[in-house]
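Okay, here's what each chain looks like letter by letter:
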Amino acid sequence: MSKTLFDKVWDQHVVEEVEGGLEVLYIDRHLIHEVTSPQAFSGIRNRGVDIHRTDKIVATADHNVPTKNQHLPIKDALSRLQVDALQQNCEDFGIELYGLGHPYQGIVHVIGPELGITKPGMTIVCGDSHTSTHGAFGAIAFGIGTSQVEQVMATQCLLVERPKTMRITINGELGEGIYAKDIILYIISKLGTGGGTGHFVEYAGTAIWGLSMEARMTICNMSIEMGARGGMIAPDETTFEYVKGKEFAPKGKEYEEAVKYWKTLYTDDDAVFDTEYNYRAEDIEPMITYGTNPGAGIKITGTVPKPEEVGNPEGLKKSLEYMGLEAGQSLEGKKIDHVFIGSCTNSRIEDLRIVANYVKGKKKADHVEAMIVPGSRQVQEQAQREGIDTILAEAGFELRQSGCSACLGMNEDKIPKGEYCVSTSNRNFEGRQGPGARTMLVSPLTAATIAIEGKVVDPRKFSLEKVAV
Amino acid sequence: MEKFKVLKTPAVPLPEEDVDTDQIIPARFLKATSREGFGENLFRDWRYDSDGTPKEDFVLNNEKYSGKVLVAGRNFGCGSSREHAAWALYDYGFRAVVSSFFADIFRGNALNNGLLPIQVSDEFLKKMLADIKKKPSTPIKIDLKDQEISLEDGSSETFEINSFKKMCLLKGYDDIDFLLSKMDKIKEFEKQHVEF
């Protein structure tokens, strides 16, 4: 029978079908971090059970860590307590921890791929909705709640309902200055924040298959922003090449065996999806969000919609009030106070290269505060080796240490009330980057251009030189 | 988990659509290492000014409304997977959330914590909100066994729930108890499962 990529991987992991259409799904890798794990560890202790497979869990501290002076004790008492609890729990149960100070520390969805932990055909879960990132490798990866973190700790399995399948195909050629972030913001602007709910998405088409692994991760990362459980892309030579030689990737003969299997992971020609969408790469332009959910995106040269043009006029009114914007206005020329480049969406070495390539020899606008937070220690060190740190410093950007940072403002990296932040992160919800903060989501190139100009601009008018990556 | 019993209670209306979990419980309140106490900061930034003064126009600060059911607009619980959102609603005293559409992860988290997500039609949601507005004390009856939600005037709608999850809620079981009973099968699976 013809199968989708999703079905092939899912079927490999079904332990048993149970009552009510639920399935016991085996999990190959469980990633944990300090914020959504402590209550799961307590649950395990209270039940008096063991963690079934500590060898399948990898831990890091990312959500709640400072991005300055990581060698010093964390100042915020509650944050310190949570990070310490993770360390204690990992010690008690014998779980590998890449905590603060460890050369592998970083955002959980950045370190998995860069260490070769993430591989095609796997099932991967984490108590974080952006776990969908790992789907870029042709893995089934999705975010779970803390009760489910405890489930996986206790049994290495989840009791889940099989999601429906959706394919989003983008054929054609992307224009200059258009990046993965623009593609995914474009898709979410079409489908809305609930358009993918109940589904697992496969991204396909020539515009997707031509992307680097970093760019594919950016796309899969934001699948959750249209409500999808996850997103995936069939593994190909780009994937195999990326995985090859990574720390925990199979080596030698084992690698060859693995590739042989990975090559079977694609959607069969006549496989049927529950839902399909098709878009043209040529229709995609640099995107920016104007509202308070990731579906509120427009092309950067466009105008904010009017109430009669949207399905939820009340919601639009409320979000524009929060954002200090008017229906029908153009965003070009809007003065910006902060630029944040980071998060599990756009903090990989390719993102930093795009930014550095553009800002080299330029200076940020005086009134803009520009912060770059690399996704991991390894990204930071790579940036230093390539001289990117110097380029950024000369352009007036502050290069921090790795963590989730101002994407969710759990640590002290917050945007002040009422100020505008152009951000490469994934969510523009009210208060996401700090109470009252006004977030506009963009690609790294757009963010870099706006940092230099100090206002919203179309990056294509300033740089048509695509970065070689 | 507590057993879910028949509810007959007034409801709190929150007609906004796309209520994300960052609004339900902002990230800066996720630093706790226990499950308790999140109700205090439920809808924190909609409920309080930055200096902690309650915002009069927010529904949780309006004494006309109370009860164990939250009635919310479409796509409730989108965004972050934080289970703290379900904990906060439960800790505040809610036992059910009614909406015409739920985000997947929130729905699962709610079910795992004895908080019943009830998906109704857009029309029924509209009627519920109108009835509550007209008479804030109007009782809503939720019968999980019959999968039925009914209003004071006798109008009602049935709702869907996975039969296993329904049993868990009615008996106060959780998924982990069930999975632990399958350990032999899981270990058997592990013997033949190849991971590259």
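Before reading further, recall that the structure is shown in the block above.
All figures in this text were calculated on a predicted structure; none of them were measured in a lab.

Rules of the game
Residues numbered from 1 in each chain as written. Chains lettered and ligands numbered in written order. Predicted model: local features only at pLDDT ≥ 70, side-chain atom pairs only at ≥ 80, totals over all residues. Heavy atoms only, no water. Helix = DSSP H or I, 4+ residues; strand = E, 2+ residues; numbered from the N terminus. Rg over C-alpha atoms; globule rule 2.2 N^0.38 Å. Buried < 20%, exposed > 50% of the residue type's maximum accessible area, 1.4 Å probe, protein only. Areas by Shrake-Rupley, 256 points an atom, 1.4 Å probe, with all protein chains shown as cover. Lys, Arg positive; Asp, Glu negative; His and termini not counted. Charge placed at Lys NZ, Arg CZ, Asp CG, Glu CD. Pairing = 2+ DSSP bridges. Axes fitted to C-alpha atoms, helices over the stretch in contact; angles between N-to-C directions. Disulfide = S-S within 2.5 Å. Contact = heavy atoms within 4.5 Å. Buried area = accessible area lost by both parts, 1.4 Å probe. Salt bridge = Lys/Arg side-chain N within 4 Å of Asp/Glu carboxyl O. Polar contact = N/O pair within 3.5 Å; in protein donor to acceptor, adjacent residues only side chain to side chain. Nonpolar A, V, L, I, M, F, W, Y, C, P; charged D, E, K, R; others polar. Core = buried A, V, L, I, M, F, W, Y, C linked by side-chain atoms within 4.5 Å. Arc of directions from axis to C-beta. Phe/Tyr/Trp six-rings, centres within 6.5 Å; stacked < 30°, edge-to-face > 60°. Lys NZ or Arg CZ within 6 Å of the ring centre and 35° of its normal. Parallel < 35°, antiparallel > 145°, perpendicular 65-115°, else oblique. Left-handed = near helix turned anticlockwise from the far one by under 90°. Expected span 1.5 Å × (residues − 1).

S.K.: I'd love a proper account of the overall build of chain B, names of residues and values included.
M.R.: Secondary structure summary: chain B contains eight helices and eight strands in total. Whereas a compact globule of 196 residues would reach a radius of gyration of roughly 16 Å, chain B reaches 18 Å, a difference of no more than 12%. The dimensions of chain B, computed from C-alpha atoms along their principal axes, are 60 × 45 × 25 Å. Counting the 196 residues in chain B, one finds 55% classified as buried. Within the structure as shown, chain B displays about 8,600 Å² of accessible surface, and the carbon and sulfur contribution to it stands at 47%. Side-chain charges of chain B comprise 29 positive and 34 negative groups, with the mean position of each set lying 4 Å from the other.

S.K.: An account of the sheet that holds strand E2 (residues 11–14) of chain B is requested, with residue identities and associated values reported.
M.R.: Residues and elements named next belong to chain B. The strand order across the open sheet formed by four strands is E2-E3-E4-E5, and the pairing between neighbours is parallel. Unpaired on one side and paired on the other, E2 and strand E5 (116–119) mark the two borders of the sheet. On average, adjacent strands in this sheet sit at an angle of 20° to one another, irrespective of strand direction. Direction of pairing for E2 relative to strand E3 (residues 69–72): parallel, over a ladder of four bridges.

S.K.: I'd love a proper account of the state of the cysteines, names of residues and values included.
M.R.: Under the criterion given, the structure shown has zero disulfides over all chains. Among the cysteines around Cys407(A), which has no disulfide bond, Cys344(A) carries the closest sulfur, lying 6.0 Å off. Cys78(B) carries a free sulfur, and the closest cysteine sulfur to it, the one in Cys407(A), is 15 Å from it.

S.K.: So what's going on with the pairing of strand E7 (residues 140–143) of chain A? Which residues, and what values?
M.R.: All names here are of chain A. Going residue by residue along E7, you find Ile140 and Phe142 tucked away on one face and Ala141 and Gly143 tucked away on the opposite face as well. Here strand E6 (residues 123–126) runs beside E7; their pairing, made up of four bridges, is parallel. Residue Thr123 lies in a different strand from E7, and its bridge partner there is Ile140.

S.K.: Just give me the short version of the interface of chain A and chain B, but keep the residues and values in it.
M.R.: Frequently, the measure chosen for interface size is the accessible area that the parts lose on association. Contacts between chain A and chain B engage 74 residues on the former and 55 residues on the latter. Here chain A packs against chain B, burying approximately 5,200 Å² in sum over the two surfaces, 57% of which is carbon and sulfur. Taken together, the connections running from chain A to chain B amount to twelve salt bridges. The partner of Lys31(B) in a salt bridge is Asp76(A), with the nearest N and O atoms 3.5 Å apart. At the boundary of chain A and chain B, one finds 32 residue pairs in polar contact (both at pLDDT 80 or more). Counting only elements with at least two residues in the side of chain A that touches chain B, the list comes to strand E1 (14–17), strand E2 (22–26), helix H2 (38–47), helix H3 (77–93), helix H5 (146–155), strand E8 (157–161) and helix H10 (252–262) of chain A. Sort the elements by how many residues they give to the side of chain A that touches chain B and H5(A) lands first, with seven residues. Residue composition of the side of chain A that touches chain B, by class: 25 nonpolar, 29 polar and 20 charged.

S.K.: So what's going on with the nonpolar core? Residues and values would help.
M.R.: In this structure, Phe397(A), Phe43(B), Phe76(B), Leu89(B) and Leu116(B) are the most contacted members of the largest nonpolar core, which totals 106 residues. Top contributing element to this core by residue count: helix H12 (residues 349–359) of chain A, with seven residues. Non-local contacts of Phe76(B), meaning those with residues more than four positions away in its chain, are made with Val19(B), Ile24(B), Phe43(B), Leu70(B), Leu89(B), Val97(B), Ser99(B), Phe101(B), Phe102(B), Ala103(B) and Phe106(B). Of all hydrophobic cores here, the second largest spans 79 residues; its members include Leu5(A), Leu86(A), Val152(A) and Ala234(A).

S.K.: Describe the sheet that holds E6(A), naming the residues involved and giving the relevant values.
M.R.: Residues and elements named next belong to chain A. A sheet is described by the order of its strands in space; here five strands give the open sequence E5-E4-E3-E6-E7, paired in parallel fashion. Edge positions in the sheet fall to strand E5 (96–98) and E7, since each of these pairs with one other strand and no more. Between one strand axis and the next, the sheet turns by 20° as a mean value, whatever way the strands run.

S.K.: Mind laying out the side chain of Glu430(A), listing which residues take part and the relevant values?
M.R.: Looking at the element boundaries, Glu430(A) is found in the loop between strand E18 (420–423) and strand E19 (438–441). Sequence-distant contacts of Glu430(A), that is, excluding residues within four places in its chain, are made with Thr292(A), Lys318(A), Tyr322(A), Gln23(B) and Trp46(B).

S.K.: If you had to explain helix H8 (residues 183–192) of chain B to someone new, which residues and values would you point to?
M.R.: All names here are of chain B. Among the residues making up H8, those that are buried are Met183, Ile186, Phe189 and Glu190. Projection of H8 onto a plane perpendicular to its axis shows the buried side chains occupying an angular sector of 115°, all on one side. Structural note: H8 exposes Asp184, Lys191 and Gln192 on the side pointing more than 90 degrees away from its buried face.

S.K.: Give a detailed account of the packing of aromatic side chains, specifying residues and quantitative values.
M.R.: This structure, assessed with the given rule, holds 21 aromatic pairs over all chains. These aromatic residues form a ring-pair network of at least three members: Phe6(A), Trp10(A), Phe142(A) and Phe200(A). Above the plane of the ring of Trp46(B) lies Lys318(A), whose end atom (NZ or CZ) is 3.8 Å from the centre.

S.K.: Account for the pattern of salt bridges, naming residues and giving values.
M.R.: One pass over the full model with this rule turns up 45 salt bridges over all chains. Across the pair Glu16(A) and Lys182(B) runs a salt bridge whose closest N-O atoms are separated by 3.2 Å. On the criterion of chain membership, the pair formed by Glu16(A) in strand E1 and Lys182(B) in the loop between helix H7 (175–180) and H8 is interchain, its members lying in two chains. The exposure class assigned to Glu16(A) is buried, which follows from its relative accessible area of 17%. For the salt bridge of Arg162(A) with Glu23(A), the shortest nitrogen-to-oxygen distance reads 3.5 Å. Taken together, the residues span a long stretch of sequence, with Arg162(A) in the loop between E8 and strand E9 (164–171) and Glu23(A) in strand E2 at a distance of 139 residues.

S.K.: Tell me about the packing of H2(A) against H3(A), and please be specific about residues and values.
M.R.: Residue and element names in this part refer to chain A. Interaxial distance between H2 and H3 falls to 10 Å at its minimum, and their mutual angle equals 40°. Considered as vectors, H2 and H3 are oriented oblique to each other. Here the hand of the crossing between H2 and H3 comes out left-handed. Facing H2, whose interface residues are Pro38, Phe41, Ile44 and Arg45, H3 presents Gln82, Asn89, Asp92 and Phe93.

S.K.: Pulling in residues and values, what's your account of helix H6 (residues 180–191) of chain A?
M.R.: All names here are of chain A. Here H6 is twelve residues long and its end C-alpha atoms lie 17 Å apart, about the 16 Å a rise of 1.5 Å per residue gives. Summarising burial for H6: ten of the twelve residues are buried, a large majority. Positioned one or two residues after H6, Gly192 has a phi angle of 80°, which is positive.

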